Amino acid sequence: MTSQASCTSGNRHTSRILHRQWLTKDTFTLTLERPPDFHFQAGQRIHLLTGGKTRDYSLIPGDRQDQLTLLIRSVADGVVSPHLSRCPLGTALDFTGPSGHFIYRPSSRSAIWIATGAGIAPFVAMCRTGIQGFVLLHGVRHDDELYFRDNMAPAALRYVPCLTGVSSSLSPYAFPGRVTDYLRHHFPEGAYDFYAAGRREMIAEVMDIVDHRFPSSRIYSEIFF
Amino acid sequence: MKIYTGGGDRGRTSLFSGERLFKDDARVEAYGDVDELNSLLGAVLAVLPDDCRDKIGELHQIQSDLFRVGACLATSGEDPSFKTTRDLPLENARFLEQAIDRMDEQLPRLSQFILPGGHPAACWSHVARCVCRRAERHTVRTIRQASDDGKMYSGTLTYLNRLSDYLFVLARYCNQATRTPDTPWESA
Ligand SMILES: Cc1cc2nc3c(=O)[nH]c(=O)nc-3n(C[C@H](O)[C@H](O)[C@H](O)COP(=O)(O)OP(=O)(O)OC[C@H]3O[C@@H](n4cnc5c(N)ncnc54)[C@H](O)[C@@H]3O)c2cc1C
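None of these values were measured; they are calculated from a predicted model.

Rules and cut-offs
- Residues numbered from 1 in each chain as written.
- Chains lettered and ligands numbered in written order.
- Predicted model: local features only at pLDDT ≥ 70, side-chain atom pairs only at ≥ 80, totals over all residues.
- Heavy atoms only, no water.
- Core = buried A, V, L, I, M, F, W, Y, C linked by side-chain atoms within 4.5 Å.
- Buried < 20%, exposed > 50% of the residue type's maximum accessible area, 1.4 Å probe, protein only.
- Helix = DSSP H or I, 4+ residues; strand = E, 2+ residues; numbered from the N terminus.
- Contact = heavy atoms within 4.5 Å.
- Near = heavy atom within 4 Å.
- Polar contact = N/O pair within 3.5 Å; in protein donor to acceptor, adjacent residues only side chain to side chain.
- Areas by Shrake-Rupley, 256 points an atom, 1.4 Å probe, with all protein chains shown as cover.
- Domains from an automatic or database assignment.
- Salt bridge = Lys/Arg side-chain N within 4 Å of Asp/Glu carboxyl O.
- Nonpolar A, V, L, I, M, F, W, Y, C, P; charged D, E, K, R; others polar.

Visitor: Tell me about the nonpolar core, and name the residues and values.
Guide: Membership of the largest hydrophobic core comes to 48 residues, with the highest contact counts inside it found for Leu37(B), Leu59(B), Ile62(B), Leu66(B), Leu163(B), Tyr166(B) and Leu167(B). Breaking this core down by element, the ones donating at least two residues are helix H1 (26–46), helix H2 (56–73), helix H3 (90–105), helix H4 (120–145) and helix H5 (154–177) of chain B. For Leu163(B), the contacting residues outside a window of four places in its chain are Leu37(B), Ile62(B), Leu66(B), Leu96(B) and Cys132(B). Core analysis: the next-biggest nonpolar cluster, separate from the first, contains 31 residues, Ala115(A), Ala118(A), Met126(A) and Leu163(A) among them.

This is the structure:
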């Protein structure tokens, strides 16, 4: 359903950047102060306002109660993400939120989490609430982009890295191809709860596959770009 | 942020509760009607005569109630996570009843059927009333097709039923405020 009713927004907050950690050459985590009155459900996002631009980022609980973490890919020709990759620690960021309905809904069906790239962020947040037993398909180019693998793999019933880069066939534990190829050709038929986050084209394709191969399933999605 | 997913390009759509449905499903028709109805209330508001400005707050309240009705219809079963996907409480229908009574007190009694028309705000209000009836019919069909869901929509059904009455009275109210005479129906 396309509906404005699906968006809720919270108050405006300001927070300072405490820490930046590079995970690959273009992707980093940003640790922010957590405003004292700020609460969110795992899977929700904030709406960052910076330099007259606004962008959404999924929230990951910080290692400490008083911190929030964002997982950000710096897009080469982008505006906000390169800025966030460069601005000095201590920079104040304004944001509104939390918002969004991409949250985990327990059910009797198995949960299949599908992410591309930084689309893993909302699932990391869900996993940190203690959810276990999900199947996770994480699509990236190279295995160094399997962010938070050490947190996700032990909690998952099955963790399937889907690698599209040239060297991917060298990784014996990974599926050499896209998440959608895996879903279309290697996933047993059944009724599942699918959760998909990342590229719009991936999500549209997952929906198409679900319609045809898993028709009694449910699907929840979060489009990043 | 892009609002399109592309996931509906082949004739299906997703509910808040995750199911994929064909877009001609009664449930999708029902919340589509509610969306159309809400937009028509925007049209009523856009041409509301000055003498009916007291209706602005009411109409905005109804528009936000309809958002909630749409979200509720787009969710099969109750989703405990969201207040917006739960059925409307009966107080919302009472709000409409009180508004109807307040307008009705100021209107002459009707002794004949009247033709829909008059001031532009009255015309849009009549169109909205018809769409409201359609939303109600599709909601009933949704309930009949998913028997376990019936209990969930009693507030919504009452609300839609009352809202079409409200819109009928609002049309008359706008005509009276602008001294636009109602045209009675001549049966022969
Ligand atoms: C609900 C939601 C949640 C999001 N959560 C996150 C998150 O947790 N982490 C995150 O990194 N981003 C996330 N995004 C994307 C983020 O909001 C920005 O779009 C992104 O950071 C690019 O912004 P920019 O100003 O740098 O680039 P822009 O100037 O906006 O875009 C430049 C180009 O880059 C493309 N692009 C945008 N994002 C990506 C990407 N990740 N990879 C490749 N190309 C891209 C755009 O389509 C565009 O063509 C989310 C988006 C939404 C809508």
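On we go from here.
Visitor: So what's going on with the site of the ligand? Which residues, and what values?
Guide: In the vicinity of the ligand lie 22 residues, with Arg55(A), Asp56(A), Tyr57(A), Leu71(A) and Ser81(A) positioned nearest. More than one chain reaches the ligand: the nearby residues come from chains A and B. Take Arg55(A): an N or O atom from its side chain is 2.8 Å from an oxygen atom of the ligand. Within the backbone of Asp56(A), one N or O atom sits 2.7 Å away from an oxygen atom of the ligand. In the complex, the protein chains occlude 83% of the 900 Å² of accessible area that the ligand would expose alone. Looking at the shell around the ligand element by element, the count peaks at four residues for strand S4 (residues 53–58) of chain A.

Visitor: So what about the domain arrangement of chain A? Which residues, and what values?
Guide: Interface extent is often summarised as the accessible area lost during association of the parts. All names here are of chain A. The domain architecture assigned to chain A consists of domain 1 (7–99) and domain 2 (110–223). If you look at the interface, domain 1 gives 16 residues, while domain 2 gives 15 residues. The interface formed by domain 1 and domain 2 holds two salt bridges in total. The salt bridge partner of Glu222 is Arg45, with a shortest N-O separation of 2.9 Å. Here domain 1 is connected to domain 2 by three residue pairs in polar contact (both at pLDDT 80 or more). Of all the elements in the fold, those that place two or more residues in the side of domain 1 that touches domain 2 are strand S2 (27–33), strand S5 (60–61) and strand S6 (67–73). Here the residues of the side of domain 1 that touches domain 2 sort into six nonpolar, six polar and four charged.

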